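# Coordinate analysis (summary)
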Amino acid sequence: MAIIEIRSLTKTFGKIQAVRGIDLNIEKGEIFGLLGPNGAGKTTTIGMLCTIVRPTSGQGLIAGFDIAKHPTQVRRKVGIVFQDPTLDTILTGRENLQLHARLYGIPSSVRHLWIEEMLELVDLRERADDLTKTYSGGMKRRLELARGLLHRPAVLFLDEPTLGLDPQTRARTWEYIRKMAQKEETTVVLTTHYMEEAEAMCNRIGIIDAGRIIALDTPENMIDTMGGDIVAIAAPQPPLDKIRSLPYVSEVKNVGDTTEITMKSAHLHLAELLSLIPHVISVETRKPTLSDVFIKLTGRDIQVDAIENGESWVDSVARYRQRGK
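In this text the structure is predicted, and so the values were computed from the model without any measurement. (Residues numbered from 1 in each chain as written. Predicted model: local features only at pLDDT ≥ 70, side-chain atom pairs only at ≥ 80, totals over all residues. Heavy atoms only, no water.)

The final tally for this structure, using the stated rule, is zero disulfides. The thiol sulfur of cysteine 202 is not disulfide-bonded, and the nearest other cysteine sulfur, from cysteine 50, lies at 16 Å. (Disulfide = S-S within 2.5 Å.)

Okay, here's the thing in structure tokens:
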């Protein structure tokens, strides 16, 4: 059953058409990744679904409520964890959750129980009465996840949930996200520039570019479209025409000082391939990844793109609005 339904959704800022008629269903309980280079329309799409940005045309439904006609009801159905910290650092962890509970009108009869359940879920009960300014970055992120889920939303939006965390804390944060999604049957929609995380965590991924969804599938199926293993060869003058004519080779391209060859069953054909190339300096063989798919479809490396820009959802929406004036 689809918890999010999007039909011909568009958004224009002045002369800038940020989103160009997106159609998309996201199922209940799904962990869905929306990936795209900066300026592709990802931020605006999520902004519309969160009711931060009003659509120009088309329709979006969350749990049956129209994002344009019923924004208040939609906001009750969603939780949001922004990239930038939004905790009140002069309050304790428990007080932050209590404040959120009151703002969302959680009944006093269940408020204490729900707060304790969330603290337990993210392993913060022992530190719940400490000021959040004393928390580590990972603890703050876990508290924000707990806060985002406290009012039992149907959909949780996560903007770069592990950005800036060390690898161990990133792994633990994903454990909490998966555990919360399963326990609460919450649909999770996330953005991330850590492609290995999206590959491991997401049930499906939508890649957006130039305001349109250009690919939509499971990570495994997307990777299968690459057509085999990737072999990177450094050699002075590789015979590109001969390499392209091999029946097991699907793509040949230059990447810096190396020739990158996509081929089926590299372990069976590598010796024959190398026999055609004189003066080989180095060879590297690997399986394709979601990053390879992303680069092939968009022509950009999402990690480099994110480092160069580094904007949050709110920052990007504000930028779009300013450019559209």
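Alright, that's what it looks like, and here's the rest.
As enumerated under the stated definition, the model contains one cavity of 30 Å³ or more in all. Estimated volume of the largest cavity: approximately 50 Å³. Every element with two or more residues in the lining of the largest cavity is listed here: strand E2 (16–27), strand E3 (31–35) and helix H1 (42–49). If one sorts the elements of the lining of the largest cavity by residue count, E2 sits on top with three residues. Classifying every residue of the lining of the largest cavity gives nine nonpolar, one polar and no charged. (1 Å grid on protein atoms, 1.4 Å probe; cavity = no way out; pocket = protein on both sides within 12 Å on 5 of 7 lines; lining within 4 Å. Points joined across faces, edges and corners; volume = space filled by probe spheres on them. Helix = DSSP H or I, 4+ residues; strand = E, 2+ residues; numbered from the N terminus. Nonpolar A, V, L, I, M, F, W, Y, C, P; charged D, E, K, R; others polar.)

Moving on, we get to the pairing of strand E4 (residues 57–62). Relative to E4, strand E1 (residues 2–13) is paired through five bridges, and the arrangement is antiparallel. Within the sheet, the bridge partner assigned to glutamate 5 lies in E4 and is leucine 61. Where E4 meets strand E5 (residues 65–66), two bridges bridge the pair, whose relative direction is antiparallel. By the bridge assignment for E5, leucine 61 is matched with aspartate 66. (Pairing = 2+ DSSP bridges.)

Bringing helix H11 (residues 290–298) into the picture now. Turning to H11, its buried residues number three or more, namely Leu290, Asp292, Val293, Phe294 and Thr298. At the C-terminal side of H11, glycine 299 shows a positive phi close to 75°. (Buried < 20%, exposed > 50% of the residue type's maximum accessible area, 1.4 Å probe, protein only.)

Before going further, it helps to spend a moment on unusual backbone geometry. With a phi angle near 70°, threonine 51 is a residue other than glycine that sits in the positive phi range. With respect to the helices and strands, the residue threonine 51 is situated in the loop between H1 and E4. Of note in this structure, alanine 63 is not a glycine but carries a positive phi near 55°. Within the secondary structure, alanine 63 sits in the loop between E4 and E5. We classify alanine 63 as partly exposed; its relative accessible area is 28%.

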